[in-house]
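Fold and contact review
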Amino acid sequence: MAAVADLCALYAVAGVQCVDVAADAAVVNAARTGLSWARERTGHSPWLMVSVSDGRDAHFRKAVFDPSRCPPDCARPCERVCPADAIHAGPGVDPNRCYGCGRCLPACPLGLIETSDHRVGLDNLALLLAELQPDAIEVHTAPGREQDFDRTLEQVAAASIPLRRLAVSCGLEGHGLRSEDLVTELWGRHEVLRKHGFRPLWQLDGRPMSGDVGAGTARAALRLWQQVRTSAPPGPLQLAGGTNGATIGLLDGLGLPRSSGPAGVAFGGMARSIVQPLLQEAECRRTTLRDWPFGWEQALALARDLVIPWLSRP
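This write-up is about the structure you can find in this document. (Residues numbered from 1 in each chain as written. Predicted model: local features only at pLDDT ≥ 70, side-chain atom pairs only at ≥ 80, totals over all residues. Heavy atoms only, no water.)

So, on to empty space enclosed by the protein. To find the voids left in a structure, one rolls a probe of water-molecule size over its atoms. Tallying each qualifying case throughout the model produces two cavities of 30 Å³ or more. Lining the largest cavity are 18 residues, with Ala63, Cys98, Cys101, Gly102 and Cys104 positioned closest to its centre. Elements that contribute at least two residues to the lining of the largest cavity include exactly strand S3 (61–64) and helix H4 (104–107). Tallying contributions element by element places S3 first for the lining of the largest cavity, with three residues. Tallied by class, the residues present in the lining of the largest cavity amount to twelve nonpolar, three polar and three charged. Put simply, the second largest cavity is a space of about 100 Å³. (1 Å grid on protein atoms, 1.4 Å probe; cavity = no way out; pocket = protein on both sides within 12 Å on 5 of 7 lines; lining within 4 Å. Points joined across faces, edges and corners; volume = space filled by probe spheres on them. Helix = DSSP H or I, 4+ residues; strand = E, 2+ residues; numbered from the N terminus. Nonpolar A, V, L, I, M, F, W, Y, C, P; charged D, E, K, R; others polar.)

Bringing helix H6 (residues 146–158) into the picture now. What sets the pattern is the α-helix's 3.6 residues per turn: residues three or four places apart point alike. Across its 13 residues, H6 extends 18 Å between first and last C-alpha, which sits within 8% of the 18 Å expected from 1.5 Å per residue. Among all positions of H6, only Phe149, Asp150, Thr152, Leu153 and Val156 are buried. For H6, the buried positions fall inside an angular range of 165° around the axis, keeping them on one side. Projecting away from the buried face of H6 at angles above 90 degrees are the exposed residues Gln147 and Ala158. Remark: Ser160 follows H6 within two positions and exhibits a positive phi of approximately 55°. (Expected span 1.5 Å × (residues − 1). Buried < 20%, exposed > 50% of the residue type's maximum accessible area, 1.4 Å probe, protein only. Arc of directions from axis to C-beta.)

Moving on: the sheet that holds strand S2 (residues 47–53). The parallel open sheet is built from seven strands, whose spatial order is S1-S2-S7-S8-S9-S10-S11. Where the open sheet ends on each side, the last strands, each with one partner, are strand S1 (18–22) and strand S11 (264–265). Note: strand S9 (residues 200–205) against strand S10 (residues 237–240), four bridges, orientation parallel. Of the residues in S10, the one forming a bridge with Trp202 is Leu237. Lying over the sheet, H6 contacts S2, strand S7 (136–140) and strand S8 (165–170), oriented at roughly 160° with respect to S7. (Pairing = 2+ DSSP bridges. Contact = heavy atoms within 4.5 Å. Axes fitted to C-alpha atoms, helices over the stretch in contact; angles between N-to-C directions.)

Evaluated as defined, the whole model comprises 15 salt bridges. With a shortest N-O distance of 2.5 Å, Arg97 and Glu283 are connected by a salt bridge. Taken together, the residues Arg97 in the loop between strand S5 (92–93) and H4 and Glu283 in helix H11 (residues 276–284) connect sequence positions 186 residues apart. Three or more residues are tied together by salt bridges with common partners; here these are Asp85, Arg97 and Glu283. (Salt bridge = Lys/Arg side-chain N within 4 Å of Asp/Glu carboxyl O.)

Taken as a whole and judged by the stated rule, the model has three aromatic pairs. Taken together, a centroid distance of 4.8 Å and an interplanar angle of 65° make the contact between Trp37 and Trp296 edge-to-face. With Trp37 in helix H2 (residues 25–42) and Trp296 in helix H12 (residues 293–311), the pair connects residues that are 259 residues apart, well separated along the chain. Judged by centre distance (6.3 Å) and plane angle (70°), the ring pair of Phe267 and Trp310 falls under edge-to-face. In this pair, Phe267 sits in the loop between S11 and helix H10 (269–273) while Trp310 sits in helix H12, placing the two residues 43 residues apart along the sequence. Arg189 extends its terminal NZ or CZ atom over the ring of Phe149, reaching a point 5.4 Å from the ring centre. When the ring centre of Tyr99 is taken as origin, the NZ or CZ atom of Arg272, which lies over that ring, is 3.7 Å away. (Phe/Tyr/Trp six-rings, centres within 6.5 Å; stacked < 30°, edge-to-face > 60°. Lys NZ or Arg CZ within 6 Å of the ring centre and 35° of its normal.)

A few words now on the environment of Arg199. Along the chain, the position of Arg199 falls in the loop between helix H7 (179–196) and S9. Given a relative accessible area of 48%, Arg199 falls into the partly exposed group. Taking the C-alpha atoms as reference points, Arg199 and Gly144, separated by 55 residues in sequence, lie 22 Å from one another.

Now the structure itself:
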């Protein structure tokens, strides 16, 4: 929770317009702690968005395995590939650090690692959202889940929250479909959004949970936007899933004015990973980034290097 508060404070000071966290009361309270800290110092307060899903989704899973089944002589490749430093000998996976990227799954030579679902059930969703009172909600969906999406939005509507936007996160990866199929799916979601009176924000999920991998994922995210931008339903289109520090350079290479480019960019894994070592050092010092001036300045410089180029695009 301290890391959640630090991340929200850090990127609020860096200038982001929205922070997106899990629809969990403890996480939201930590996020608000960080946002309040930033607002007191800068006067800037980003939207607070919470994420839910209408089905099984990579963004709502955690890696799990029984460490007692690991051979004593295992080289533990799962530890090496984990970007969140969530896997250690003995306890296995730390659920507070795991964010579901899935890189450890194929790394295990014995296939011992599985995933567990961490979604909020529909039965509790309306009450939970009414309690959390977010500024915006993101619904992660996938091709073929239109009825599940409709049922999820019914619960969102029942919460009676004055939302700034309802973001729809959807992509093609792993579904074997074409960009035309995604456009059809988005138009179907658009009809559901209109029925409930929500203002959309379309998050095009290029390569989920992979933004800290490399420029290849940024190309995938940008390619998806290029394929659907002229035929997508009304509403701002935002790059998401696979975005990283290479994204803006690739976009600038297209030579498009800002008015013709994406409405925004979502940095998930990249935003975490660039400051993860400093978050961990703060934890070892038994403090927070906010209370560690040297660490804070280093982390803020990294965050601004990621955010400012987007905020200053001509």
